[in-house]
Each structure stands twice: as C-alpha cells, then as structure tokens.
Amino acid sequence: MTRKAARPSPDGGRITSSVDARGAGLLAIEGHNSLNLLTGGLIAELVSAIRTLSRRRDIRVLVVTGAGERAFVGGASLHDMSKLTPPSARRFITNLHRACHGLRTFPVPVIGRIRGHCIGAGLELAVSCDLRVASEDARFAMPEVRVGIPSVIEAALLPQLVGWGRTRELLYTGNAIGAQKAFEWGLVDRLVPAARLDAEVESLVAPVLECGPNAIRLQKKLMHKWENLPVDRAVKAGIGAFAESFRVSEPKERMQAFLDRKKPE
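Residues numbered from 1 in each chain as written. Predicted model: local features only at pLDDT ≥ 70, side-chain atom pairs only at ≥ 80, totals over all residues. Heavy atoms only, no water.

*Asks:* Lay out a nonpolar patch on the surface with the relevant residues and their values.
*Replies:* Together, Leu78, Val147 and Ile149 line one region of the surface with nonpolar side chains, adding up to about 240 Å² of accessible area. With respect to the helices and strands, the residue isoleucine 149 is situated in the loop between strand S9 (139-141) and helix H5 (158-162). Take isoleucine 149: its relative accessible area is 32%, and that puts it in the partly exposed class. (Patch = residues over 30% accessible without salt bridge, like charges linked within 9 Å, V, L, I, M, F, W, Y side chains within 5 Å. Areas by Shrake-Rupley, 256 points an atom, 1.4 Å probe, with all protein chains shown as cover. Salt bridge = Lys/Arg side-chain N within 4 Å of Asp/Glu carboxyl O. Helix = DSSP H or I, 4+ residues; strand = E, 2+ residues; numbered from the N terminus. Buried < 20%, exposed > 50% of the residue type's maximum accessible area, 1.4 Å probe, protein only.)

Printed below as a string of structure tokens:
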C-alpha cells in the first residue's frame, strides 16, 4: 500500500510524499508556479517532510523530484528574497541548508529525478542527493551573483563533483549549462530522453531494493562519513560498520540463502 502525505505551504505550493509497499519513497516539490520556486514557507514544509520520512523504518530508497515537466526546482523565490534583511536572510538560507543536509544525511540512498530547470536552490538540493538522473531537456545554473548574492551552502559540494575550475565558471558567471555538458562534467550520473526518465530512475531504485535494508543504511551512513574523513580514519570507520552489520541476522540469512542457491542438486 502506498501512503501519501501532502504538506501545503501557507504561501503557495506543497510537498507531497509517499512510500510504496516495496519501501520506495517519493518526495515531490510543487512550487506556486510551474518552475517550482521555493518560498520560505515551502522550504519549511520541505524540511519537515524530509524529517518525517527519515524516521520511517520501512523506507529503503528515496526519489526526489519536482512536479510537472518544466522544472526540478527553478530556484528560490526572488519575491521572497527581495524582502529579506540580514537576520531574516540568515534564517532563510539556514532553513534551505537544513533541507539539503536532510537529504545528505537521509538514512537511505536519495536519487534526484531531474527534468527541466535545476537552478540555484534547486541545484543545491540536487547535489545533496546521492545520485542524479536527468532528462536531456534539463538545464543547470547557479545565477545568484546576477541578483546580487553569492552562491552558498551546498554549492560547496560542487568542487568535489565537477572540480574547482568548473565550479568557478558556474558561480562567477551565472551561466546555465545543458544536460549533456552537466553529464560530461559529472554533475549528473545518468542522462536519458525525457520519455525514459522514470524507467531510468527505476533501474536504480530496483537494485537498491534487492539489497539488505540494514546494510544499505549502514552503507549510506558510512558514505557520508567518508566525505569528511582522511583515508586512514575512513578505513577504520569501515571496519566498525562491517562489525556492526553482524549485530542483526541479515548477513547470516542472506549469505546462507546465497549458499543454498549455489548447492548442486
């Protein structure tokens, strides 16, 4: 059974979430227009929805997408941001960081399903996902400097994905790049025609669901640690995760099932 929850924002838009019987979760961002722009209220609802989903023990993988065909997320609402003061600007951007951080630290793998515009805050959400699948009509940009603000928070993840030179090009010029270039740069992991987008996402979801649920959670937790640790400490963290996996029956049950299949008749 699929359980759905819709969180309407007081200033337009809504966040819709569901988890199907397999444990595949879906988080859809629907802004107050077809570009799925993020208002302050919608960001707050997004943070809340991510936290709620993260507490569910039945979820095994999460797909994040934008509603409609025009955009993943076209950025934060300039109407909202134009009214910010230094204190409210800090609150606004901190809340957006909470949404991004919630995806990065989500207990299971997060797959970004990207169609159309993936701009500014949208790109920060996208790079916070573990994997990104994009359609050929997707476009990517960090245009904040063009409206008088720097690109911040999870834009800091870009250098490890595309390198410092390409990050500077994106952040200093504000220029958009197409999906093919984003794929060549390593900004997206898979690129397909729009008609094949859902099938390509499912081709990643399905094998994750075949894996041990506890092992996947340990792997996600370990991957997040590896991002911030030197190699020697990362190796030690892996030893700990390996030992921890045997606290439950999952390894023995799955290994025995594999061995039983291999036995000759």
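Now, onward.
*Asks:* A description of the environment of valine 208 should follow, citing residues and the corresponding values.
*Replies:* By the secondary structure assignment, valine 208 is in helix H8 (residues 197-210). Contact partners of valine 208, with chain neighbours within four places excluded, come to Arg60, Val61, Pro109 and Ile216. (Contact = heavy atoms within 4.5 Å.)

*Asks:* Lay out the packing of helix H9 (residues 213-226) against helix H10 (residues 231-245) with the relevant residues and their values.
*Replies:* It is at 10 Å that the axes of H9 and H10 come closest, and there the two elements cross at 165°. Relative to H10, H9 is oriented roughly antiparallel. In the crossing of H9 with H10, the sense of the turn from one axis to the other is right-handed. Touching Asn214, Leu218, Leu222, Lys225 and Trp226 of H9 are Ala234, Ala237, Gly238, Ala241, Glu244 and Ser245, all from H10. Tallied by class, residues from the contact of H9 with H10 come to 6 nonpolar, 3 polar and 2 charged. (Axes fitted to C-alpha atoms, helices over the stretch in contact; angles between N-to-C directions. Parallel < 35°, antiparallel > 145°, perpendicular 65-115°, else oblique. Left-handed = near helix turned anticlockwise from the far one by under 90°. Nonpolar A, V, L, I, M, F, W, Y, C, P; charged D, E, K, R; others polar.)

*Asks:* If you had to explain H9 to someone new, which residues and values would you point to?
*Replies:* Here H9 contains 14 residues, and its C-alpha end-to-end distance of 20 Å stays within 8% of the 20 Å for a straight helix at 1.5 Å per residue. Among the residues of H9, Ile216, Arg217, Leu218, Lys220 and Leu222 are the ones counted as buried. Buried residues along H9 sit against helix H3 (86-104), strand S6 (110-114), H8 and H10. (Expected span 1.5 Å × (residues − 1).)

*Asks:* Any details on the layout of surface pockets? Residues and values, ideally.
*Replies:* Of the volumes computed, that of the largest pocket is approximately 550 Å³. Looking at the largest pocket, it is lined by 25 residues, and the ones nearest its centre are Ala76, Met81, Glu144, Val147 and Ile149. Considering each element in turn, the lining of the largest pocket owes the most residues, 4 residues, to H3. Residue classes in the lining of the largest pocket are distributed as 17 nonpolar, 6 polar and 2 charged. (1 Å grid on protein atoms, 1.4 Å probe; cavity = no way out; pocket = protein on both sides within 12 Å on 5 of 7 lines; lining within 4 Å. Points joined across faces, edges and corners; volume = space filled by probe spheres on them.)

*Asks:* If you had to explain the packing of helix H1 (residues 40-54) against H3 to someone new, which residues and values would you point to?
*Replies:* Taken N-terminus to C-terminus, the directions of H1 and H3 make an angle of 30°; their axes are 9 Å apart at the nearest point. The orientation of H1 relative to H3 falls into the category roughly parallel. The handedness of the crossing between H1 and H3 is left-handed. On the side of H1, the interface is formed by Gly40, Ile43, Ala44, Leu46, Val47, Ile50 and Arg51, while H3 contributes Phe92, Asn95, Leu96, Arg98, Ala99, Gly102 and Leu103.

*Asks:* Which residues make up the pairing of S6, and what values go with them?
*Replies:* Consecutive residues of a regular strand have side chains that alternate between opposite faces of the sheet. Where burial is concerned, most of S6 is hidden: 5 out of the 5 residues are buried. Residues of S6 alternate between two faces, with Val110, Gly112 and Ile114 on one and Ile111 and Arg113 on the opposite face, all of them buried. Looking at chain direction, strand S4 (residues 61-66) and S6 are connected through 4 bridges and run parallel. Its bridge partner being in S6, valine 63 is matched across the sheet by isoleucine 111. (Pairing = 2+ DSSP bridges.)

*Asks:* Lay out the pairing of S4 in plain terms, naming residues and giving numbers.
*Replies:* Burial analysis of S4 places 6 of its 6 residues in the buried class, which makes it a mostly covered element. Alternating positions in S4 separate into two faces, Val61, Val63 and Thr65 on one and Leu62, Val64 and Gly66 on the other, with burial throughout. Bridge analysis of strand S3 (residues 24-30) against S4 gives 6 bridges, and the strand direction is parallel. Within S4, the residue paired with alanine 28 across the bridge is threonine 65. In this fold, S3 hands off to H1, which returns the chain to S4; that crossover is right-handed. (Right-handed = clockwise from strand over helix to strand, strands pointing away.)

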